[in-house]
Amino acid sequence: MMRRLIFTLAWGWMALGAVAQTALPADAVAGVKSANIFQVAPGADTDPKYKDQTNAERGQVQPGNNAPMWRQVGQGVTGYSSLPLSQAPEAGNLIQKFVQYPGSRLTNAGEAWRQVRNQWIIPYGGSLLLIVLGAVALFYWRKGTMELHGQETGRKIERFTPFERSAHWANAIAFVALAVSGIVMAFGKFFIQPIIGNALFGWLSYALKNIHNFAGPLFAVSLVIVIVTFVRDNLPRKEDITWLLKGGGMISGTEVPSHRFNAGEKLLFWGGVFFLGLVVVASGLVLDKLVPGLIYERSTMQIANMVHGVATCLMMAMFIGHIYMGTIGMRGAYSAMRDGYVDETWAKEHHELWYDDIKSGKIPAQRTVTAPSPTPATTSTPASSASV
Ligand code: HEM
């Protein structure tokens, strides 16, 4: 009862106020002057120095006109702030200075970053991925899976140790999680949002962003392990030149002999895993604010974001090829990374120089001391005991 009374009184009071306001004559608010600068000092802008006035000077001729200050804010001038620079480096700065990032106009840094992202990275990065996917699909349609030419011997060579495989798969799983979440965050609004709607897409990208942030450090650690593990056999050798000149034998149909990894794999290692991998990880750690001692300004994040976007698109494009060759592109490649072993015929046909080194005893065919039987269903034996 009491609450209803208060409610009614409040409504009545507000309604009376509204009526009184509309009914008041203009001079009823005597003493309160309009802040219209043209009425305060009508001729002030005829002064030739009018445009160069500081905010204080303008305040003297046109009280209340803060245009000089806002002009400076728009130009990115940093004002005074009592907050420490190390904790709030941009506290005195509302709008960033004008810059011209590669591909943008000369404009505020935030807008310049937006232009680079929306006019270059997203359309061209997305197109690159679609083109590479299309090329791989076309290649598979025309060529199919690369089969072995000879008969399998049943004698196995250990291609990857359990440690190498664990490092590879930890890295690959993190990579796929990052690639899927990254693609949805960058391109999802074009192909997922129209289907599932704004609310669901908001939740999806929020969840994926968190997955992305946590998978990143796992990728970083496993990437370093992968680099250290595989660097030795990816060092360039003179036979790689022949392999490259002949395009690996793709056109002739006869594979060019290679050591444990061919020149194509080495290019992927140095270009995709080492160079792009480290650029992606470094820029990602900046975006995650995990680099100690770095001052995180908006420009730091904008640059890290652009570098990350370009490097990840290139890296994904390269790894589409790697994943294709490691799965449906080449018979026996995936099982090598799954179980660790390849048949002697596979080794001879795809990495002949490596196979020769194993046959001559230069490289042990069995590197793990107590290896589990790779394919219990067959009578296969590690080549070390059977054929070397
Ligand atoms: C789903 C994703 C992936 C699949 C299916 C896959 C599959 C494979 C396979 C089958 C091999 C063995 C090739 C051979 O025997 O010569 C291999 C090797 C290798 N992979 Fe992956 N991989 C994937 C992702 C990755 C990622 C994300 C990285 C690193 C960023 C990576 C780095 C390597 C390296 C360094 C090798 C050794 C050969 C070389 O140095 O080029 N892989 N992968």
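Reading the values: the criteria
- Per chain, residue numbering runs from 1 following the sequence as it is written.
- Per-residue local features are limited, in this predicted model, to residues with pLDDT of at least 70; the limit for side-chain atom pairs, both in listing and counting, is 80 or more; totals at the level of whole chains, interfaces and linings are taken over all residues.
- To get the side-chain values, take all heavy atoms of the structure and skip hydrogens and water.
- Runs of E in the DSSP output that reach at least two residues are strands. Runs of H or I that reach at least four are helices, and both are numbered from the N terminus.
- Exposure is judged per residue with a 1.4 Å probe applied to protein chains only, and the accessible area is read against the type maximum: over 50% gives exposed, under 20% gives buried, and values in between give partly exposed.
- Whether two residues are in contact is decided by their heavy atoms, any of which lying within 4.5 Å being enough.
- The accessible surface values rely on the Shrake-Rupley method and a 1.4 Å probe; as for residues, cover is taken only from the protein chains in view.
- For Na, K and Ca the donor cut-off is 3.2 Å, while for other metals it is 2.8 Å, and in both cases only N, O and S atoms qualify; water is not among them, so sites may look incomplete.
- Here a site with four donors is tetrahedral if all angles are between 85 and 135 degrees, and a site with four or six donors is square planar or octahedral if opposite donors are over 155 degrees apart and the other angles are between 65 and 115; anything else gets the irregular label.
- Note on definitions: angles span 0 to 180 degrees between N-to-C directions of axes, and those axes are lines fitted to C-alpha atoms, for helices only across the stretch in contact.
- For this classification, under 35 degrees means roughly parallel, over 145 means roughly antiparallel, 65 to 115 means roughly perpendicular, and everything else is oblique.

Engineer: Help me understand the overall build of the chain in this model?
Structural biologist: When helices and strands are tallied, the chain shows 14 helices and 5 strands. Residues classed as buried in the chain amount to 34% of the 388 residues present. For the chain, restricting intrachain contacts to residue pairs at least 6 apart in sequence, the fraction spanning at least 24 positions comes to 66%. Summed over its atoms, the accessible surface of the chain is roughly 24100 Å², and 67% of this surface lies on carbon and sulfur atoms.

Engineer: Would you mind going over the coordination of the iron atom of the ligand with me for this structure?
Structural biologist: Donor atoms from the polypeptide that coordinate the iron atom of the ligand comprise His168 (NE2) and His322 (NE2), at 2.0 Å from the metal. Each of the 6 donor atoms around the iron atom of the ligand contributes to a set of angles spanning 86 to 180 degrees, which defines the coordination as octahedral. Note that His168 is positioned in helix H6 (residues 162-191) and His322 in helix H10 (residues 298-329), a separation of 154 residues in sequence. Take His168: its relative accessible area is 15%, and that puts it in the buried class. Under the relative-accessibility criterion, His322 is labelled partly exposed at 34%.

Engineer: Is there a simple way to think about the packing of helix H5 (residues 109-143) against H6 in this case?
Structural biologist: For any two helices packed against each other, one specifies the crossing angle of their axes together with the interaxial distance. Running from amino to carboxyl end, H5 crosses H6 at an angle of 85 degrees, the nearest separation of the two axes being 11 Å. In terms of orientation, H5 and H6 fall into the roughly perpendicular class. Residues Arg117, Ile122, Gly125, Gly126 and Leu129 of H5 lie in contact with H6, whose contacting residues are Met185, Ala186, Phe187 and Phe190.

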